[in-house]
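# Per-entry structural report
Chain by chain, the residues:
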Amino acid sequence: PPALRPRPVFHTQLAHGSPTGRIEGFTNVKELYGKIAEAFRLPAAEVMFCTLNTHKVDMDKLLGGQIGLEDFIFAHVKGQRKEVEVFKSEEALGLTITDNGAGYAFIKRIKEGSVIDHIQLISVGDMIEAINGQSLLGCRHYEVARLLKELPRGRTFTLKLTEPRKAFDMIGVRSGGGRPGSGPQLGTGRGTLRLRSRGPATVEDVPSAFEEKAIEKVDDLLESYMGIRDTELAATMVELGKDKRNPDELAEALDERLGDFAFPDEFVFDVWGAIGDAKVGRF
């Protein structure tokens, strides 16, 4: 029974290099960062995000809402700060934003050939600290994506960024971010620890093929409509939608649980279709 299961213990290192630490007893991402900071005697605000089973800034291995019980956690901490001026020559900047669940939004993907792709100082993994002097600390990814989208075309704006501290073998490497269609990384262990923004963490079986595919499709829709990627959010939406009978019921459930996102009607309809396709095996 779940009540008798031992509390999961995870091994962790700082991504730029450190001894191995052991952490346990966290129920959400913010508490996880706190435990990592405690293990390495760092301020909790120094932890930017975590990757699973790799020390590299690999957005395919980003820790989201689930951790495999046998996964090794690498914590990326704040490194160099930088300020960059960007001329918005196109409506779309080519950025996909995600956040760490604890107040930091950062770049998950840079589209090849885009406005941002031509600026070598900006990289995947950079935390967006401010736009035109307006602090974004504490903002969710969708708020940051909206602000970037609303910036006027034909004007220059300033980004204040913080990059993750890099190990020697990572310096000079610029990652293109997560690949479209690569699917959510839900851990390699025999079970997963599901972290929730509300309520306790739970140990669950590895997600079914339906859930994995539905989460991947919904995450793709989030990027297409809103410029964000978030497997935890996508998993929550699949969970809310898998037993609904029509798009209206799904819309009602999303408004009740996730009303802050203000999802457009056409997006909700596409999410309903994606979940339906995954149910019947139309992958």
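Here's what I pulled together on the structure shown here. (Residues numbered from 1 in each chain as written. Predicted model: local features only at pLDDT ≥ 70, side-chain atom pairs only at ≥ 80, totals over all residues. Heavy atoms only, no water.)

## Side note on a negative patch on the surface
A surface patch of like charges, here negative, comprises D248, E252, D255, E256, D265, E266 and D270. Of all the secondary-structure elements, those providing two or more residues to the negative patch are α5 (247–258) and α6 (265–279). With four residues, α5 is the single largest residue contributor to the negative patch. Position of D270 relative to the elements: it lies in helix α6. A relative accessible area of 31% places D270 in the partly exposed class. (Patch = residues over 30% accessible without salt bridge, like charges linked within 9 Å, V, L, I, M, F, W, Y side chains within 5 Å. Areas by Shrake-Rupley, 256 points an atom, 1.4 Å probe, with all protein chains shown as cover. Salt bridge = Lys/Arg side-chain N within 4 Å of Asp/Glu carboxyl O. Lys, Arg positive; Asp, Glu negative; His and termini not counted. Charge placed at Lys NZ, Arg CZ, Asp CG, Glu CD. Helix = DSSP H or I, 4+ residues; strand = E, 2+ residues; numbered from the N terminus. Buried < 20%, exposed > 50% of the residue type's maximum accessible area, 1.4 Å probe, protein only.)

## Quick look at the packing of aromatic side chains
Across all of its chains, the model carries seven aromatic pairs by this definition. With a centroid separation of 5.2 Å and 10 degrees between ring planes, the pair formed by F261 and F263 is classed as stacked. When sorted by exposure, F261 lands in the same class as F263, which is buried. (Phe/Tyr/Trp six-rings, centres within 6.5 Å; stacked < 30°, edge-to-face > 60°.)

## A few points about the pairing of strand β7 (residues 105–110)
Here β7 lies mainly inside the structure; six of its six residues are buried. Bridging between strand β6 (residues 95–99) and β7 involves five bridges; their strand directions are antiparallel. Among the inter-strand pairings, T96 is bridged to a residue of β7, identified as R109. Between β6 and β7, which pair antiparallel and follow one another directly, the connecting turn spans five residues, one of which, G101, has a positive phi of 80 degrees. (Pairing = 2+ DSSP bridges.)

## Thoughts on the side chain of T98
Its place among the elements puts T98 in strand β6. A polar side-chain atom of T98 sits 2.7 Å from the main-chain carbonyl oxygen of R229. (Polar contact = N/O pair within 3.5 Å; in protein donor to acceptor, adjacent residues only side chain to side chain.)

## Describing unusual backbone geometry
For R41, which is not glycine, the phi torsion reads 55 degrees and is therefore positive. Within the secondary structure, R41 sits in the loop between α1 (29–40) and β3 (47–52). Here N132, not a glycine, exhibits a phi torsion of approximately 50 degrees, which is positive. Mapped onto the elements, N132 comes out in the loop between β8 (127–131) and β9 (134–135).

## Comments concerning the packing of α5 against α6
The relative placement of two packed helices comes down to the angle between their axes together with the axis-to-axis distance. α6 packs onto α5 with a crossing angle of 115 degrees between their chain directions and a minimal axis gap of 9 Å. It follows from the interaxial angle that α5 and α6 lie roughly perpendicular. As α5 runs across α6, the sense of the crossing is right-handed. The segment α5 lies against α6, with P247, L250, A251 and L254 engaging V268, F269, V271 and W272. (Axes fitted to C-alpha atoms, helices over the stretch in contact; angles between N-to-C directions. Parallel < 35°, antiparallel > 145°, perpendicular 65-115°, else oblique. Left-handed = near helix turned anticlockwise from the far one by under 90°. Contact = heavy atoms within 4.5 Å.)

## A short note on the pairing of strand β1 (residues 9–14)
Looking along a regular strand, one sees the side chains alternate between the two faces of the sheet. Only one face of β1 is buried, namely the one carrying F10, T12 and L14, since none of V9, H11 and Q13 on the opposite face is buried. Sheet topology note: the β1/strand β2 (residues 21–24) ladder contains four bridges and is antiparallel. The residue of β2 that forms the bridge with H11 is R22. In textbook terms, the turn of a hairpin is the stretch between consecutive antiparallel strands, and for β1 and β2 this stretch comprises six residues, one of which, G17, has a positive phi near 120 degrees. Strand direction decides the pairing type here: β1 and strand β5 (residues 73–87), joined by three bridges, are parallel.

## A closer look at the pattern of salt bridges
Counted according to the given criterion, the structure contains 15 salt bridges. A salt bridge links E211 to K242, with the nearest nitrogen and oxygen atoms 3.5 Å apart. With E211 in helix α3 (residues 209–226) and K242 in the loop between α4 (231–241) and α5, this residue pair connects regions lying 31 residues apart in the sequence. For E211, a relative accessible area of 23% corresponds to the partly exposed category. Exposure remark for K242: the relative accessible area of 34% places this residue in the partly exposed category.

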